[in-house]
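# Structural description and commentary
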Amino acid sequence: MGDVIQVQDLTKFYGSTLAVDHISFNIKEGEVFGFLGPNGAGKTTTIRMMVGLTQPSSGTAWVDGHNVTKETVEVKKTIGLVPETSNLYGELTALENLIYQAELYGVLRKERRIKASQLLEEFGLKEHQDKPFQKLSRGLKRRLTIAATLIHHPKILFLDEPTTGLDVMSARGLRKLILDSKKKGLTIFLTTHYIPEAETLCDRIAVVVQGKIRIIDTPENIKAQVKETEILEIGLDRLPEDLKGLLLSLDGIEKILIDENRIRFHVESLNQVAFHILKSMEDRGVTIRSINTLSPNLEDAFIRLTGLDSELMKIDKVIKGGPE
Amino acid sequence: MNEIKKAYFIAKKDMGAYYLKPPLISWGLMLPVAFALAFYLRNPAGIKDVTPGLIGMTLLFSSTSMAAIVITFEKRIGALERLLLAPLHTRTILFGKALGSALFGLLITFLIAVAIVAAVGLSIKNVIAFISVIILSALAFSCLGILISVGVKEVFEAMTLSNFFRFPMIFLCGVFLPISSMPFPLPIVSYLLPLTYTVDGLRHCLSTGGTVAPFWTDLLILSAFVFLIFSLSLLMFKKRIRQEF
């Protein structure tokens, strides 16, 4: 399979702020490529430059052989973008929205209604086809926005934070739709700040921080980079405020992550530090409820590679405006 | 041809989503009816003279009503981005927006013109000429609305700015006061306004007298206004896209 997307030295300044910093990568046909990073990392700006919506300050990209700065109309014919905000027309019904998209993309008149009905069926929206877009739930809006993006059979699908703001069931359904689209041969470029989502969906991931790509590889290879780190997870009955500082002062601990009453230690050698950790806890009078040793996951690798706190990745961007 | 078809689809969607709504239609019809009644009550004998002006005003208000806010509104709800993502040239998007507004202006003006012309007992000398003036004027005014829409950032700014253009235009186009009797430099300003040529063209078609230019000059100047205002809107729209996207 050849490369359908080539990005070369793409850079974007907003005034004096550098949003995207000389990034380069290629994406193969049929691949799900994830762009993983915290909010403000430059993910949306990258996607907008790749679809011809935003002019790069320097560098360029080719999508299906078309230059994104010079052949924007050709690029738009082969792609579909699902933006972070579901932005179909509130006044139009689900069916009308799909037919309107088909008209704009030059789908033949006799095929428009058939394709729209097929997509409504496929996305579980048939019973909502006559409801105005603005009356649909957030999850259904998201589904319809993706369906509208597929009306012209794009080769490449761009998804910008597709599950942001969705409830658990809707997000799960959407992830299944993404995997189904991959099975049909679509190339998918996905931005997300949900590490498990990137791990589940993507063939390869680019970890991006402050507009720069830190690493591009498969989730397995990225995890392998922190294989030498050992992880100890201890569940406690309570968490004294000063415990983290006390534990961090111990030798051999790389990082401590706290999730409610569970503490996860990234250590160089369990043999050397486990005793000291348990002793510190006993001294503080805390009761240990559970002890586990874990293999590093993508979140651990991400933290190790970027130096960022994983809590940063759990903050959803505030979605401005839009008919959500 | 394909681009014109896509512009038509944009116009058709805008008509359904924004224009053909009871509040906008009733406002479009009520305003000229109120003006006509006011003129008639003030001077019943002079209503024929002001009929071209009334039709011109109807065109101006109906063709600019939503055009002035449509781009700003769609930018705010995120729908403009969807349009920009479709494989369309910016000129097609803008023409589609102007076309929707012009079609609404034509619909309202047709209803009002038929009613007023019949009520005051005027006859249209040349229907094709009359339709030509109406179509060119609707396009010129809708492009003016679009120009305002691409030039502002907020919906309220669009409303203020469109009234800033529309009301002086009514007073300066020769409906209330003949251009020849206006003090200097107002006649110069009058000759720079598209509504002047709409009213003059309609005067030719309705044979009400008081014309200021030959009929073909009116048509040519209105065509030039359409081209100029659309080109300026396109330049500003492209600049705005570069700045905001």
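No experiment lies behind these values; they were computed from the predicted model shown.

Another aspect to go through is the overall build of chain B. A tally of regular secondary structure across chain B gives 11 helices and 0 strands. Computed over its C-alpha atoms, the radius of gyration of chain B comes to 18 Å, within 12% of the 18 Å expected for a compact globule of 245 residues. With respect to the principal axes defined by its C-alpha atoms, chain B has extents near 55 × 40 × 35 Å. Relative to its full complement of 245 residues, chain B shows a buried share of 48%. Summarising the internal contacts of chain B: among those between residues at least 6 apart in sequence, 82% fall at separations of at least 24.

To continue, consider the sheet that holds strand β13 (residues 262-267) of chain A. All names here are of chain A. The strand order across the open sheet formed by 4 strands is β12-β13-β11-β14, and the pairing between neighbours is antiparallel. Of all strands in the sheet, those with a lone pairing partner are β12 (253-259) and β14 (288-294), marking the two edges. For this sheet, the mean inter-axis angle between neighbouring strands, taken without regard to orientation, is 20°.

Residue and element names in this part refer to chain A. The strand order across the open sheet built from 4 strands is β2-β1-β4-β5, with neighbouring strands paired in antiparallel fashion. For this open sheet the edge positions go to β2 (17-28) and β5 (66-67), each flanked by a neighbour on one side alone. Looking at chain direction, strand β4 (residues 58-63) and β5 are connected through 2 bridges and run antiparallel. For tryptophan 62, the partnering residue across the bridge sits in β5 and is asparagine 67. The sheet strands contacting helix α1 (residues 43-50) are β1 (3-14), β2 and β4, and the helix crosses β1 at an angle near 120°.

The omega torsion across B:Phe184 and B:Pro185 is 10°, close enough to zero to call that bond cis. Within the secondary structure, B:Pro185 is located in the loop between α8 (155-172) and α9 (186-191). Phi at A:Asp9 takes a positive value of approximately 60°, unusual for a residue other than glycine. Relative to the elements of secondary structure, A:Asp9 occurs in strand β1. Residue A:Gln210 is not a glycine yet carries a positive backbone phi of 50°. Among the secondary structure elements, A:Gln210 is positioned in the loop between β9 (204-209) and β10 (212-217). Residue classification places A:Gln210 among the partly exposed positions, given that 16 C-beta atoms sit within 10 Å.

On the side of chain B, 19 residues touch chain A, which itself brings 25 residues to the contact. Those elements that place two or more of their residues in the side of chain A that touches chain B are α2 (72-78) and α3 (94-104) of chain A. Residue composition of the side of chain A that touches chain B, by class: 12 nonpolar, 8 polar and 5 charged.

Take the nonpolar core next. A:Leu98, A:Phe158, B:Ala98, B:Ala140 and B:Cys143 are the most contacted members of the largest nonpolar core, which totals 148 residues. Those residues in contact with B:Ala98, other than ones at most four positions away along the chain, are B:Ala67, B:Leu139, B:Ser142, B:Cys143, B:Ile146 and B:Phe230. In this structure, A:Ile234, A:Leu247, A:Val267 and A:Ile277 belong to the second largest nonpolar core, which totals 7 residues.

All names here are of chain B. Viewed as axis vectors pointing N to C, helix α7 (residues 127-151) and helix α10 (residues 194-206) meet at an angle of 170°, and their least axial separation amounts to 9 Å. Considered as vectors, α7 and α10 are oriented roughly antiparallel to each other. Taken together, the residues of α10 that come into contact with α7 (itself represented by Ala129, Phe130, Val133, Ser137, Ala140 and Phe141) are Pro194, Thr198, Gly201, Leu202 and Cys205. Counted by class, the contact of α7 with α10 contains 8 nonpolar, 3 polar and no charged residues.

Positionally, B:Gly209 belongs in the loop between α10 and α11 (215-244). Measuring from C-alpha to C-alpha, the distance between B:Gly209 and B:Leu37 comes to 22 Å, with 172 residues separating the pair along the chain.

A few words on the environment of A:Asp64. Looking at where A:Asp64 falls in the secondary structure, it is placed in the loop between β4 and β5. For the pair A:Asp64 and A:Gln101, spaced 37 residues apart in sequence, the C-alpha separation works out to 21 Å.

All right, on to the pairing of strand β11 (residues 230-236) of chain A then. Residue and element names in this part refer to chain A. Bridge analysis of β11 against β13 gives 6 bridges, and the strand direction is antiparallel. The partner of isoleucine 231 across the bridge, within β13, is histidine 266. Note: β11 against β14, 6 bridges, orientation antiparallel. Within β14, the position partnered with leucine 236 by the bridge is isoleucine 288.

Here we take up α1(A). Residue and element names in this part refer to chain A. With 7 of 8 residues buried, α1 lies mostly within the body of the structure. Every buried residue of α1 is listed here: Lys43, Thr44, Thr46, Ile47, Arg48, Met49 and Met50. A positive phi of about 80° marks glycine 52, the residue just after α1.

What counts and how
- Residues numbered from 1 in each chain as written.
- Chains lettered and ligands numbered in written order.
- Predicted model: local features only at pLDDT ≥ 70, side-chain atom pairs only at ≥ 80, totals over all residues.
- Helix = DSSP H or I, 4+ residues; strand = E, 2+ residues; numbered from the N terminus.
- Rg over C-alpha atoms; globule rule 2.2 N^0.38 Å.
- Buried ≥ 20, exposed ≤ 12 C-beta atoms within 10 Å, placed from the backbone.
- Contact = placed C-beta atoms within 7 Å.
- Pairing = 2+ DSSP bridges.
- Axes fitted to C-alpha atoms, helices over the stretch in contact; angles between N-to-C directions.
- Nonpolar A, V, L, I, M, F, W, Y, C, P; charged D, E, K, R; others polar.
- Core = buried A, V, L, I, M, F, W, Y, C linked by C-beta atoms within 7 Å.
- Parallel < 35°, antiparallel > 145°, perpendicular 65-115°, else oblique.

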